[in-house]
Amino acid sequence: MKKVLIVVDMQNDFVDGALGTPEAVAIVGNVAKKIREFDGDELFVTYDTHYDNYLSTLEGQKLPVPHCIDGTYGHDLNPEIKAALSGKDYKEVIKAGFGSFSISRGLKDRYPGEEMEIELIGLCTDICVVSNALIMRAGYPNAKITVDSACCAGVTRERHEAALETMRSCQIDVI
């Protein structure tokens, strides 16, 4: 059984920057601890990535708050998360949207037919975490997929809870 940890968008702009929240700040220590203790097979770290034209994109029109612009401090990982990753073997995943199919495809290429145990943590529960969890569920219908709610935060507490319920409905374990 291959064990995979996916750390979703633990970037400065989502923690305490342009779209940061007190709930996001509160999970940083839990996420760092989970990363430090991970001893599985694959560790992925996703980066929400936008460019100077962000406001002209569909997302920018619906959420007109420039964030995670490539090359800025807001795009960088939170310093505590960066420290937890120090010395770890991990793969960076640059994503232009909420979810990334590249993780699922990469795992299928490296481990065809192998059983997977996949855990997701990070930000924001109700946007990028749920999107990536559902992509993994679609790609691995028989995998044990878990989301650690103590290592996630949503745009609001209510949206966080709603996303967790959506994932439970899709047979994703929420701890």
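Relevant structure appears above.
Here goes a summary of the coordinates provided. Bear in mind the structure is a predicted one, so any value in this text is a computation, not a measurement. (Residues numbered from 1 in each chain as written. Predicted model: local features only at pLDDT ≥ 70, side-chain atom pairs only at ≥ 80, totals over all residues. Heavy atoms only, no water.)

Turning our eyes to something else, we now look at the overall build of the protein chain. Across its full length, the protein chain carries seven helices and six strands. Taken from N to C terminus, the helices and strands of the protein chain fall in the order β-α-α-β-α-α-β-α-β-α-β-α-β. A compact globule built from 175 residues would reach a C-alpha radius of gyration of about 16 Å, and the protein chain, at 15 Å, matches this within 12%. Dimensions of the protein chain, computed from C-alpha atoms along their principal axes, come out at roughly 40 × 35 × 30 Å. Expressed as a percentage of the 175 residues in the protein chain, the buried residues total 50%. Averaging the positions of the 18 positive and the 27 negative side-chain charges in the protein chain gives two centres separated by 4 Å. (Helix = DSSP H or I, 4+ residues; strand = E, 2+ residues; numbered from the N terminus. Rg over C-alpha atoms; globule rule 2.2 N^0.38 Å. Buried < 20%, exposed > 50% of the residue type's maximum accessible area, 1.4 Å probe, protein only. Lys, Arg positive; Asp, Glu negative; His and termini not counted. Charge placed at Lys NZ, Arg CZ, Asp CG, Glu CD.)

Turning to the pairing of strand β4 (residues 116–123), a few remarks are in order. Burial of β4 is extensive: seven of the eight residues sit out of reach of the surface. Alignment of strand β1 (residues 2–8) against β4, held across seven bridges, turns out to be parallel. Bridge assignment links Lys3 to a residue of β4, and that residue is Glu117. Across six bridges, the pairing between β4 and strand β5 (residues 144–153) is parallel. (Pairing = 2+ DSSP bridges.)

So, about the packing of aromatic side chains. With the rule as written, the count across this model stands at zero aromatic pairs. One Lys or Arg, Lys91, reaches over the ring of Phe44 and ends 5.9 Å from the middle of that ring. Taking the ring centre of Tyr140 as reference, the NZ or CZ of Lys108 above it sits at 4.3 Å. (Phe/Tyr/Trp six-rings, centres within 6.5 Å; stacked < 30°, edge-to-face > 60°. Lys NZ or Arg CZ within 6 Å of the ring centre and 35° of its normal.)

Glancing now at the environment of Ser104. By the element assignment, Ser104 lies in helix α5 (residues 101–110). Beyond its immediate chain neighbours, meaning those up to four positions away, Ser104 contacts Ile135, Met136, Gly139 and Tyr140. (Contact = heavy atoms within 4.5 Å.)

Position of Glu59 among the secondary structure elements: in helix α3 (residues 58–62). Of the buried charged residues, Glu59 lacks a salt bridge, with Lys95 as the closest side chain of opposite charge at 7.7 Å. (Salt bridge = Lys/Arg side-chain N within 4 Å of Asp/Glu carboxyl O.)

Time to look at the packing of helix α6 (residues 125–139) against helix α7 (residues 157–169). Interaxial distance between α6 and α7 falls to 9 Å at its minimum, and their mutual angle equals 15°. Compared by their axis directions, α6 and α7 come out roughly parallel. Relative to α7, α6 is oriented so that their crossing is right-handed. Along the contact surface, α6 presents Thr125, Asp126, Val129, Val130 and Ala133, while α7 presents Arg159, His160, Ala163, Leu164, Thr166 and Met167. Grouping the constituent residues of the contact of α6 with α7 by class yields six nonpolar, three polar and two charged. (Axes fitted to C-alpha atoms, helices over the stretch in contact; angles between N-to-C directions. Parallel < 35°, antiparallel > 145°, perpendicular 65-115°, else oblique. Left-handed = near helix turned anticlockwise from the far one by under 90°. Nonpolar A, V, L, I, M, F, W, Y, C, P; charged D, E, K, R; others polar.)

For the pair α5 and α6, interaxial distance at closest approach is 9 Å and the crossing angle is 30°. Taken together, the axis directions place α5 and α6 in an arrangement best described as roughly parallel. α5 and α6 meet at a crossing whose hand is right-handed. For the pair formed by α5 and α6, the contact residues are Phe101, Ile103, Ser104, Leu107 and Lys108 on the first element and Ile135, Met136 and Gly139 on the second.

Moving on: the nonpolar core. Nonpolar side chains tend toward joint burial in soluble globular proteins. In terms of nonpolar packing, the biggest core is built from 26 residues, with Ile6, Leu107, Ile118, Val147 and Met167 touching the most fellow members. Counting residues per element, the ones that place at least two in this core are β1, α5, β4, α6, β5 and α7. It is α6 that provides the largest number of residues to this core, a total of five residues. The contacts of Ile118, once residues within four sequence positions are left out, are Val4, Ile6, Met136, Tyr140, Ala143, Lys144, Ile145 and Thr146. Among the nonpolar cores identified, the runner-up in size contains 25 residues, and Phe14, Ile27, Val31 and Ile81 belong to it. (Core = buried A, V, L, I, M, F, W, Y, C linked by side-chain atoms within 4.5 Å.)

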